[in-house]
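What follows is the residue order along each chain.
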Amino acid sequence: MAAKTSVVTESGEVRRALVVGGGLGGLMTVLKLCEAGVPVDLFSLVPVKRSHSVCAQGGINASVNIKGEGDSPYTHFYETIKGGDFLANQPPAKGMAEAAPGIVYMLDRMGVPFNRTPEGNLDFRRFGGTLFHRTAFAGATTGQQLLYALDEQVRRWETQDVEDDRGVTLPGQKMVRKFEAWDLVALVLDEGGTCRGIVAQDLKNNSLQAFRGDAVCLATGGPGLVFGRSTNSMINTGSASAIAFQAGARYANGEFIQVHPTAIPGTDKLRLISESVRGEGGRIWVPKDKGDKREGARIPEAERYYFLEEKYPKYRNLVPRDIASRELFRAVKHEGYSAEGQEAVFLDVTHLNRDVVKKKLEGVLEIYEKFVGVDPYTNPMKIFPAVHYSMGGLWVDFEKGPDGALAPASARNQQTSIPGLFATGEADYQYHGANRLGANSLLSCIYGGMVTGPAMVAWRDGERRSALDLPSSLFEAETRRQQDAWDALGKRTGGEYTVNPYELHGRLGDMMLLKCTVERHDKDLDEVLATLQTMKAEFKRCALLDPAGSGTMNQPRVFLRHLAGMLTLAEVIALGARARQECRGAHYKPALDPELTTGAVGRDDKDWLKTTLATHSKDGPALSYEPVDISLLALARRDYGKVSTGKG
Amino acid sequence: MGLDTVTLKIRRGEGPGPSRWETFKVPRRPMMNVVSCLLEVQKNPVTADGKASTPVQWDCSCLEEVCGACTMVINGRVRQSCSALVKDLSPEGQTVVLEPMSKFPRVRDLVVDRQRMFDALRKTRAWVEIDGTHQLGPGPRVSQEDQEVMYPLSRCMTCGCCVEACPNYNDRSAFLGPQVISLARLYNMHPSGSMQASQRLDALMGVGGIADCGKAQNCAEVCPKAIPLTESIAVLGRETLKRALFGWLLKG
């Protein structure tokens, strides 16, 4: 038998790694694997160029200190940890902040059209949770530009031939094979519980196929669709994470869901208006008169209440997102402020120089103009908070190196609790603790990929057997099981199958949005958990809405699989939120807020400075906890200089 | 005439098989777009004349016109269905007509397979060659002026609007399309991308290259990101001509 480290088996098959998900995290992982000589199969629900990373607008953080303000990676590291309310493990966050300047330089070399200074250097702007200009940007479509750059580099590898161990090219074998419009259906675990491959489905014709991989990575994004309408793309159901969770992977900090303060209310989705709008000088305000229904542009300066600026004179409109969202929510829902009589506040750029704003923010202001039909350069925008990002995700390990950051090329880094299965990007929980700072997500996705690729190589090198050396019965059995499950979905017609799955998803989203986001109450969460049991029972009665058989694309049938995943993750999120008896970052219970209730606990480091771990069982998720690595930075109060204004 | 509903007439079908038209009526709401209408059909897949049907299938993802997925032909014009607002399409209750793009193989209903566009990106080497993703210091400096030309070119979503509107792009021609010509211009402008400019020009001088453009100029008119496609074609037209005339002098 050929040595397992050889690229090709004796029968001529190429040993590959598998990456599921083609956003920034997945693509960066692919690039690192290819550079290490490991051929890859890449799977994605959509052509990878359409992945959700495309939606990121504002920019990517890197402490390059172009403006001579004295910024440094160490400050970035500290502010990331503080922004996350000290819940993030510190070594991975340190590694990320230190790698950030190199990552932005790499993207620059790939041709990302970043905005420039007059000298031709990269330009940087302000973002939340820092006072430094730390965010590199390409207009206001930075995620799109970054995704395209990595997509192009991966396409380059698609044209490269695989070479065997003697450097001879293998005809017809390319370094990257893309499987676009394919959906993850199952993981294939061997008898020892190690992940050896996947079963995936071609969505164009429903055929199921097993793929063997010497390491498998899920870079499948967050579960935003659990909340119905959010800033997320329609593909962000969290289905792959739910499949891994049910196969035994631990899910960490599920209750930490970021609500972005500024989005456009809508019926199909809540479109993001980037934090960069405030970074470039945009201001949040409401009319002082709570009954004032006039258009924003007609309300005189003296009659406006800039509540974030008054409450936070130092950070002003750029406090971290969890804080800004709570303040907006409170102003509208509890204090009765409104914008044009609607449940919204104004986000205003009308005082800024139109040409300058256009160069830096066109992509995002264009979204407002196209979808609302109002010119944001002359009329203050109406916005409200929306679910945006999951800090929680699949639990992944890390190994701390001698410098306090991640040990290079350790197979433990980014590895889930299922051996051989890795996770990266928004799908993992690793970098942001209880709240993510703006412009840290593009960074964590790319840094995660840079760590995951080498970790997968190290894992593969340390394994005695390759997936291709295992009996084919292992893969055939799982494919058959999944085929049976798919066939069973095809029989859900007539009789008891009366529930429309899209309608059930609508109710799930409405409930989660209302009861499990900005403000959480134990009584509500108990109701959510009870209703989820009912919904799971209803799911069993969900009808197959399209009878089309094999060989024909069938989105409603595939949606049933994704809906099952969303119900699973909703329970993980709600259970984690119910259990955590403190206020930390995005997880906030008014009953525990010392500002509202004297003697309330607030953030509770004694009992709750720990990572939530959810594990699947047949009775639903079970929770346990593990300590956070706080070996590098001392705990501190998370203070953004709030002053009491006596208003409201 | 009540404006409490939206009427959708949709061309449906499987693969290359025959098409059929189906009409749906969905509740009308403020700020509604075509995607929201199709989401309503999913929740109640019953035609306007009361027959039980199936949810209409279409591609969509970002819903904010940056991913390009939800492109289709709406009232005869190719565009993204997320940014197609009902109040503009049907101000007085007119029927909204939805069809799949015609230049690509249909998968089902409004879903088409645009693989040909991605293949064209491979053929034209639409990327900047880098030595690796390891640390090699900052990239080359770029002037603000150049960045302002390059950024709009870089917003191409590979959505297919330009080729749908192009009379020279069809299943009988090998034309790569305006979008790749514009991207070749982008990479040829980049200081290190320009080092492989001749390879991209050669690709565009071959089969399906720039000579296949009939200068109809429909592409720039339908581009949702207002990318100056005809300007790019003119720029690369000059560059390929230069290379055709003098390129042999430069070859070793």
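Residues numbered from 1 in each chain as written. Chains lettered and ligands numbered in written order. Predicted model: local features only at pLDDT ≥ 70, side-chain atom pairs only at ≥ 80, totals over all residues. Heavy atoms only, no water.

J.: I'd like a rundown of the interface of chain B and chain A, residues and numbers included.
T.: How large an interface is tends to be reported as the accessible area lost when its parts come together. Every contact between the two is made by 75 residues of chain B and, on the other side, 71 residues of chain A. Summing both partners gives a buried area of about 6,200 Å² for chain B against chain A, and 52% of it is carried by carbon and sulfur. Considering only the side of chain B, the residues that lose the most area to chain A are B:Glu64, B:Thr133 and B:Tyr151, jointly responsible for 12% of the buried surface there. At the junction of chain B with chain A, the criterion picks out nine salt bridges. Where A:Lys269 meets B:Glu64, a salt bridge forms, and the shortest distance between an N and an O atom there is 2.9 Å. Looking at the side of chain B that touches chain A, the elements that each hand over two or more residues are α1 (34–43), β6 (106–108), α3 (115–123) and α4 (144–153) of chain B. Its residues assigned to classes, the side of chain B that touches chain A comprises 35 nonpolar, 24 polar and 16 charged. (Contact = heavy atoms within 4.5 Å. Buried area = accessible area lost by both parts, 1.4 Å probe. Salt bridge = Lys/Arg side-chain N within 4 Å of Asp/Glu carboxyl O. Helix = DSSP H or I, 4+ residues; strand = E, 2+ residues; numbered from the N terminus. Nonpolar A, V, L, I, M, F, W, Y, C, P; charged D, E, K, R; others polar.)

J.: Which residues make up the layout of surface pockets, and what are the values?
T.: If you add up the space inside the largest pocket, you get close to 1,200 Å³. Lining the largest pocket we find 44 residues, and of these A:Met234, A:Ile235, B:Gln42, B:Trp58 and B:Cys60 sit closest to its centre. Elements with a minimum of two residues in the lining of the largest pocket: α12 (501–515) and α14 (555–579) of chain A together with α1, β7 (111–112) and α3 of chain B. When its residues are assigned to classes, the lining of the largest pocket shows 20 nonpolar, 12 polar and 12 charged. (1 Å grid on protein atoms, 1.4 Å probe; cavity = no way out; pocket = protein on both sides within 12 Å on 5 of 7 lines; lining within 4 Å. Points joined across faces, edges and corners; volume = space filled by probe spheres on them.)

J.: Please set out unusual backbone geometry residue by residue, giving values where relevant.
T.: The backbone of A:Ala181 sits at a positive phi, close to 65°, despite the residue not being glycine. Tracing the chain through its elements places A:Ala181 in the loop between β8 (176–180) and β9 (182–189). A relative accessible area of 16% means that A:Ala181 is categorised as buried. Residues other than glycine seldom take positive phi values, yet B:Met31 does so here, at roughly 60°. Exposure remark for B:Met31: the relative accessible area of 38% places this residue in the partly exposed category. (Buried < 20%, exposed > 50% of the residue type's maximum accessible area, 1.4 Å probe, protein only.)

J.: Tell me about the sheet that holds strand β2 (residues 20–27) of chain B, and please be specific about residues and values.
T.: Residue and element names in this part refer to chain B. The five strands lie next to each other as β2-β1-β5-β3-β4, forming an open sheet whose pairing is mixed. The open sheet has two free edges, formed respectively by β2 and β4 (77–80), since each of these has just one partner strand. Each neighbouring strand pair of the sheet contributes to a mean axis angle of 35°, computed without reference to strand direction. Inspection of the sheet shows strand β1 (residues 5–12) paired to β2 by eight bridges, in the antiparallel sense. Each residue of the ladder has a partner; that of Leu8, found in β2, is Phe24. (Pairing = 2+ DSSP bridges. Axes fitted to C-alpha atoms, helices over the stretch in contact; angles between N-to-C directions.)

J.: So what about the pattern of salt bridges? Which residues, and what values?
T.: All names here are of chain A. All chains considered together, the criterion is met by 85 salt bridges over all chains. Among the ionic pairs, Arg196 bridges to Glu463, the shortest N-O distance being 3.2 Å. Of this pair, Arg196 sits in strand β10 (residues 195–202) while Glu463 is found in the loop between α10 (441–462) and α11 (472–489), placing the two residues 267 residues apart along the sequence. As far as burial versus exposure is concerned, Arg196 and Glu463 are alike and both buried. A salt bridge links Asp397 to Arg412; its shortest N-O distance comes to 2.9 Å. Note that Asp397 is positioned in the loop between β20 (393–394) and β21 (421–423) and Arg412 in the loop between β20 and β21, a separation of 15 residues in sequence. With a relative accessible area of 40%, Arg412 lands in the partly exposed category.

J.: Could you give an account of the environment of A:Val286, with specific residues and numbers?
T.: All names here are of chain A. Summarising the element assignment, Val286 is placed in strand β16 (residues 283–287). Its relative accessible area of 0% is what places Val286 among the buried residues. Sequence separation of Val286 and Glu303 is 17 residues, and the distance between their C-alpha atoms is 8.8 Å. Residues contacting Val286, with those up to four places away along its chain left out, are Glu303, Arg304, Tyr305, Phe307, Tyr337, Ser338 and Val345.

J.: Can you tell me about the packing of aromatic side chains, naming the residues and giving the values?
T.: All names here are of chain A. Per the stated rule, a full pass over the model turns up 16 aromatic pairs over all chains. Taken together, a centroid distance of 6.4 Å and an interplanar angle of 55° make the contact between Trp285 and Tyr306 tilted. Highlighted residues: Trp285 in strand β16 and Tyr306 in the loop between β17 (304–305) and α7 (307–311), separated in sequence by 21 residues. Residues Trp285 and Tyr306 agree in their burial class; the two are buried. Each residue in the set Phe43, Phe179, Trp182 and Phe211 is aromatic and connected to the rest through ring pairs, giving one cluster. (Phe/Tyr/Trp six-rings, centres within 6.5 Å; stacked < 30°, edge-to-face > 60°.)

J.: Hey, could you go over the nonpolar core for me, with residue numbers and the actual values?
T.: Of all hydrophobic cores here, the largest spans 138 residues; its most connected members are A:Ile198 and A:Met512. Top contributing element to this core by residue count: α14(A), with 12 residues. Residues within four places of A:Met512 in sequence aside, it is in contact with A:Val226, A:Phe227, A:Thr517, A:Val528, A:Ala570 and A:Ile573. In terms of nonpolar packing, the next biggest core, distinct from the first, is built from 114 residues, A:Met28, A:Val38, A:Met110 and B:Cys67 among them. (Core = buried A, V, L, I, M, F, W, Y, C linked by side-chain atoms within 4.5 Å.)

J.: Kindly report on the environment of A:Val216, identifying the contributing residues and their values.
T.: Residue and element names in this part refer to chain A. Locating Val216 in the fold gives a position in strand β12 (residues 216–218). By relative accessible area, Val216 is classed as buried at 0%. Excluding residues that lie within four positions of it along the chain, Val216 makes contacts with Leu18, Cys195, Gly197, Ile198, Gly420, Leu421, Phe422 and Met456.

J.: Let's hear about the side chain of A:Arg271: which residues, and what values?
T.: Mapped onto the fold, A:Arg271 is located in strand β15 (residues 271–272). A relative accessible area of 5% means that A:Arg271 is categorised as buried. Within the structure, A:Arg271 has its side chain in polar contact with the side chain of A:Asp268 (distance 2.8 Å). In contact with A:Arg271, not counting residues within four places along its chain, are A:Ala263, A:Ile264, A:Ile367, A:Phe371, B:Asn33, B:Leu63, B:Glu64 and B:Cys82. (Polar contact = N/O pair within 3.5 Å; in protein donor to acceptor, adjacent residues only side chain to side chain.)

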